[in-house]
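What the coordinates show
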Amino acid sequence: MALTARLWRFLPLAHGTVRKPWLLTGVAGSWGRCCTWRLRGSEVMGNLGAFKRSLLFSALSYLGFEAYQVFSQAAVVHAIAKVFRVEEILEQADYLYESGETEKLYQLLTQYKESENAELLWRLARASRDIAQLSGTSEEEKKLLVYEALEYAKRALEKNERSFAAHKWYAICISDVGDYEGIKAKIANAYIIKEHFEKAIELNPKDATSIHLMGIWCYTFAEMPWYQRRIAKMLFATPPSSTYEEVVCCPLLS
């Protein structure tokens, strides 16, 4: 019915195909005669071609609209399925992490290392770091995994700056990389590490890991020996510092 109604609008009635009857009256209007125009052959053939073109155009328009609806619905279904798939992977990853299945977790998540999902990426950063810390991992592999973990954490942060876990693991991974880049890089990274721990706590004040690591950061710089402070001052105008009061009374730890 919808197609019929659509086709009816395209019928070439407005082009003079059929003309209305007209009335021929006498002098005094005493008699009249109705006459109907007859269509010439060329006019019929011309209008038949116009009708066919209108019919074809209408059919194509209808089919195009139907195809658009089908593809739109398919895209929505695909997007929903993708969301459920990600949720399923995250549940499986969390189960493996809580079960201490470090290698299985890493194998699972590396399948999605090209993902654009921040939740998958920061978990992959954590898993890479955990593999690096296993006793069976060689020093060469450990270094590769540490830098790999940092890259995943960085990408997670780029995808979602509101993820407290992305900030936390980015800070942790930067700290790990400092072991391979010397004292100057390690001190410079200290500013970045503190910034991201603070951001993680701001986004999730109840995350115990971020609070604990922020406390360790403060304690480390409060405990820094005088000669290391002097080296830090030689490298930076205002090197990172902290006090025992900050360790105990810092608002971030209260």
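As annotated in an unreviewed UniProt entry, the chain carries the name Regulator of microtubule dynamics protein 1 and is attributed to Lynx pardinus. Recorded in UniProt under Sequence similarities (unreviewed entry), the annotation for the chain is "Belongs to the RMDN family." As its UniProt record puts it under Subcellular location (unreviewed entry), the chain is described as follows: "Cytoplasm, Cytoskeleton, Spindle pole".

A word on the overall build of the chain. Scanning the chain from N- to C-terminus turns up 10 helices and 2 strands. Across the 254 residues of the chain, 31% fall into the buried class. Contacts in the chain between residues far apart in sequence, at least 24 positions, make up 56% of those at least 6 positions apart.

All told, the structure shown has 1 aromatic pair when counted by the stated rule. On the numbers, 6.2 Å between centres and 45° between planes, the contact of Y147 with Y180 is tilted. Of this pair, Y147 sits in helix α5 (residues 139-159) while Y180 sits in the loop between α6 (164-177) and α7 (182-203), and the two are 33 residues apart along the sequence. For the cation-ring pair, R126 lies above Y97, with the distance from its terminal atom to the ring centre recorded as 3.5 Å.

Reading the values: rules and limits
- Residues numbered from 1 in each chain as written.
- Predicted model: local features only at pLDDT ≥ 70, side-chain atom pairs only at ≥ 80, totals over all residues.
- Heavy atoms only, no water.
- UniProt positions renumbered as here; feature names shortened; annotations may be inferred.
- Helix = DSSP H or I, 4+ residues; strand = E, 2+ residues; numbered from the N terminus.
- Buried < 20%, exposed > 50% of the residue type's maximum accessible area, 1.4 Å probe, protein only.
- Contact = heavy atoms within 4.5 Å.
- Phe/Tyr/Trp six-rings, centres within 6.5 Å; stacked < 30°, edge-to-face > 60°.
- Lys NZ or Arg CZ within 6 Å of the ring centre and 35° of its normal.

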